[in-house]
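An overview of the molecular structure
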Amino acid sequence: PCFSQNDSAFQDGEYLKFRVRYGVFNASYASLLLKNKVYEGKTVYHALGKGETTGLAKLFFKVDDTYESYFDKNTGKPYFFNRDIYEGGYTKKLNFFFNFDTNNLRIKNLENNEEKNMPIQPDIKDVISTLYYLRNNPKMNSLNKNDEVSMDMIFDDDEVYKFKLKLLGREKVKTHFGTVNTLKFCPLVQDGRVFKEEESITMWITDDKNKVPVKLRAALRVGSLVAELDGFNNLKNETDLKKK
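Residues numbered from 1 in each chain as written. Predicted model: local features only at pLDDT ≥ 70, side-chain atom pairs only at ≥ 80, totals over all residues. Heavy atoms only, no water.

Notes on the overall build of the chain
When you go through the chain residue by residue, the secondary structure sums to two helices and 15 strands. Within the chain, the fraction of its 244 residues that count as buried is 46%. Look at the contacts in the chain between residues 6 or more apart in sequence, and 46% of them connect residues 24 or more apart. Entry remark: accessible area of the chain is about 12,700 Å², with carbon and sulfur atoms responsible for 49%. (Helix = DSSP H or I, 4+ residues; strand = E, 2+ residues; numbered from the N terminus. Buried < 20%, exposed > 50% of the residue type's maximum accessible area, 1.4 Å probe, protein only. Contact = heavy atoms within 4.5 Å. Areas by Shrake-Rupley, 256 points an atom, 1.4 Å probe, with all protein chains shown as cover.)

Considering the layout of surface pockets
In this approach the atoms are scanned with a rolling probe the size of a water molecule, which exposes any empty space left behind. One number sums up the size of the second largest pocket: a volume of about 270 Å³. Lining the second largest pocket are 13 residues, with Tyr-79, Phe-98, Asn-99, Phe-100 and Asp-101 sitting closest to its centre. Listing elements by their share of the lining of the second largest pocket, those giving two or more residues are strand 6 (90–99) and strand 7 (104–109). (1 Å grid on protein atoms, 1.4 Å probe; cavity = no way out; pocket = protein on both sides within 12 Å on 5 of 7 lines; lining within 4 Å. Points joined across faces, edges and corners; volume = space filled by probe spheres on them.)

Focus: the packing of aromatic side chains
Enumeration over the complete set of coordinates arrives at 13 aromatic pairs. Relative to Phe-71, the ring of Tyr-45 lies with its centre 5.7 Å away and its plane at 50 degrees, an arrangement referred to as tilted. Here Tyr-45 is found in strand 3 (residues 42–53), whereas its partner Phe-71 is found in strand 4 (residues 63–71), with 26 residues between them in sequence. In this structure, Tyr-45 and Phe-71 share a single accessibility class: buried. By way of ring pairs, the aromatic residues Tyr-39, Tyr-70, Tyr-79, Phe-80 and Phe-97 are connected into one cluster. Over the face of the ring belonging to Tyr-45 we find Lys-73, whose NZ or CZ atom lies 4.6 Å from the ring centre. In this structure, Lys-243 packs its charged tip against the face of Phe-232, placed 4.9 Å from the ring centre. (Phe/Tyr/Trp six-rings, centres within 6.5 Å; stacked < 30°, edge-to-face > 60°. Lys NZ or Arg CZ within 6 Å of the ring centre and 35° of its normal.)

Things to note about the pattern of salt bridges
Within the structure shown, the criterion is met by nine salt bridges. Taking the shortest distance from any N to any O, the salt bridge between Lys-164 and Glu-148 comes out at 3.6 Å. Taken as a pair, Lys-164 in strand 11 (residues 160–175) and Glu-148 in strand 10 (residues 148–154) lie far apart in primary sequence, 16 residues in all. Of the charged contacts, one joins Arg-170 and Asp-207 as a salt bridge, the two residues approaching to 3.2 Å between their closest N and O atoms. In this pair, Arg-170 is assigned in strand 11 and Asp-207 in the loop between strand 13 (201–206) and strand 14 (213–219), connecting sequence segments 37 residues apart. Exposure remark for Arg-170: the relative accessible area of 48% places this residue in the partly exposed category. (Salt bridge = Lys/Arg side-chain N within 4 Å of Asp/Glu carboxyl O.)

Concerning helix 2 (residues 127–136)
With respect to burial, helix 2 is a largely interior element, eight of its 10 residues being buried. Considered for burial, the residues of helix 2 that qualify are Ile-128, Ser-129, Thr-130, Tyr-132, Tyr-133, Leu-134, Arg-135 and Asn-136. In this structure Asp-126 caps helix 2, since a side-chain oxygen of it lies 2.9 Å from the backbone nitrogen of Ile-128. (Polar contact = N/O pair within 3.5 Å; in protein donor to acceptor, adjacent residues only side chain to side chain.)

Focus on the nonpolar core
If you look at the biggest cluster of nonpolar residues, it comprises 34 residues, and the most contacted ones within it are Leu-16, Phe-96, Phe-98, Leu-105, Tyr-132, Leu-229 and Leu-241. Considering each element in turn, this core owes the most residues, three residues, to strand 6. Counting 14 residues, the second largest nonpolar core, distinct from the first, contains Tyr-133, Met-153, Phe-163 and Leu-165. (Core = buried A, V, L, I, M, F, W, Y, C linked by side-chain atoms within 4.5 Å.)

Overview of the environment of Phe-81
Within the fold, Phe-81 resides in strand 5 (residues 78–87). Of the residues examined, Phe-81 reaches a relative accessible area of 0% and is grouped as buried. Not counting the four nearest positions on each side in its chain, Phe-81 is found in contact with Tyr-67, Glu-68, Ser-69, Leu-94, Asn-95, Phe-96, Phe-98, Asp-126, Val-127, Ile-128 and Phe-155.

Observations regarding the environment of Tyr-86
Along the chain, the position of Tyr-86 falls in strand 5. The partly exposed category is assigned to Tyr-86, whose relative accessible area is 33%. With sequence-adjacent residues up to four places away left out, Tyr-86 is seen in contact with Lys-62, Val-63, Asp-64, Asp-65 and Thr-91.

Here it is, written out as structure tokens:
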């Protein structure tokens, strides 16, 4: 399977913290914590993603987001995904229950208590398990420039996105933890239209066995957003990232 534990890119207890800047603002922090958890009698990975605005930015636009995914330690398939977001007054609270025996996804909207079911493909992931699946994908070690890795991803309550990661090349990047070799990617999201590459997102991940995201830049209609690795713990494999 893609998730052989010996060669895994991550392990129980891995913690990643990112600082997000929007223009001149240190707008927010985001973090990802990975833990072993028991879900319906089975030991799985539980990834908890959090994002919130800090300081002055809070006055303009308050963000308090929680994303969590329970996914299989061997296959990377998700069992449960929770999206609970507050973004400047916009809220969404959704629970996703994946059943790959019947290839069915049950989605519960916790705000209005409505439920719906939709058929799914066996390789679908939620947005959080997608990140870990891609980090662990053996293909990531043999990609050449312009190669793509693609998959189906669910993020919202009714739409499956075709998600592609295209390798733009290899680059040395300065981080808070020294200069590291990275793989530079452009994620392409297809939802009826593909974002033009120049207005989309660029993402740098360490070119080692950990495949840690160290930087992300998004060109927005107004200004730009930059997220950079600001802290880490319990990486599974050797790394050039030097703790301060």
